[in-house]
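Each chain, written out:
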Amino acid sequence: QVQLVESGGGLVQAGGSLRLSCAASGSISSSDAMGWYRQAPGKQRELVATITSGGSTNYADSVKGRFTISRDNAKNTVYLQMNSLKPEDTAVYYCKVTQYYYGMNYWGKGTLVTVSS
């Protein structure tokens, strides 16, 4: 089992920045993939960014050039630096860990990001 706790959400004005953190505990391994997803009101959950154990990253087109995902394997933590925030970035942001070896996915409870115009 893996437990995930997100933090860093809040209210920010358009053009501002926030940094999200997701701390993992339990049976986490540095070989696990980690990522951020978001769900806006009335919309489906969507991928924001992912990072592999080797540091390869993938971003949604809507956040490329504005968001940066990173991880600290020693701390079992993944981060999402969000710059130049837009009102359309408003959503609940969820952390996800994928354990390919076991075929398991784990989700955090989410942290709310609200961007005012």
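Described below are features of the structure shown in this document.

## A short note on the pairing of strand β8 (residues 77-82)
With five of six residues buried, β8 lies mostly within the body of the structure. Inspection of the sheet shows strand β3 (residues 18-26) paired to β8 by six bridges, in the antiparallel sense. Counted as the bridge partner of A23 is T77 from β8. Sheet analysis places strand β7 (residues 67-72) next to β8, joined by six bridges and oriented antiparallel. Counterpart to T68 in the pairing with β8 is Q81. Hairpin connection of β7 to β8: four residues between the antiparallel strands, including N76 at a positive phi of 50 degrees.

## Re the sheet that holds β3
The strand order across the open sheet formed by four strands is β1-β3-β8-β7, and the pairing between neighbours is antiparallel. Of all strands in the sheet, those bounded by a partner on one side alone are β1 (2-7) and β7. For this sheet, the mean angle separating the axes of adjacent strands, direction not counted, is 15 degrees.

Procedures and definitions
- Position labels on residues start from 1 in each chain and follow its written sequence.
- Local features in this predicted model are restricted to residues of pLDDT 70 or higher, and side-chain atom pairs are both shown and tallied only at a pLDDT of 80 or more, whereas totals for entire chains, interfaces and linings draw on every residue.
- Computation of side-chain values covers all heavy atoms of the structure but excludes hydrogens and water.
- Exposure categories follow from relative accessible area, calculated using a 1.4 Å probe and restricted to protein chains: below 20% of the type maximum is buried, above 50% is exposed, and the middle band is partly exposed.
- Strands are runs of DSSP state E lasting at least two residues, helices are runs of H or I lasting at least four, and both sets are numbered from the N terminus onward.
- Any two strands are treated as partners once DSSP identifies two or more bridges connecting them.
- Orientation is described by axes fitted as lines to C-alpha atoms, over the contacting stretch for helices, and by angles from 0 to 180 degrees between their N-to-C directions.

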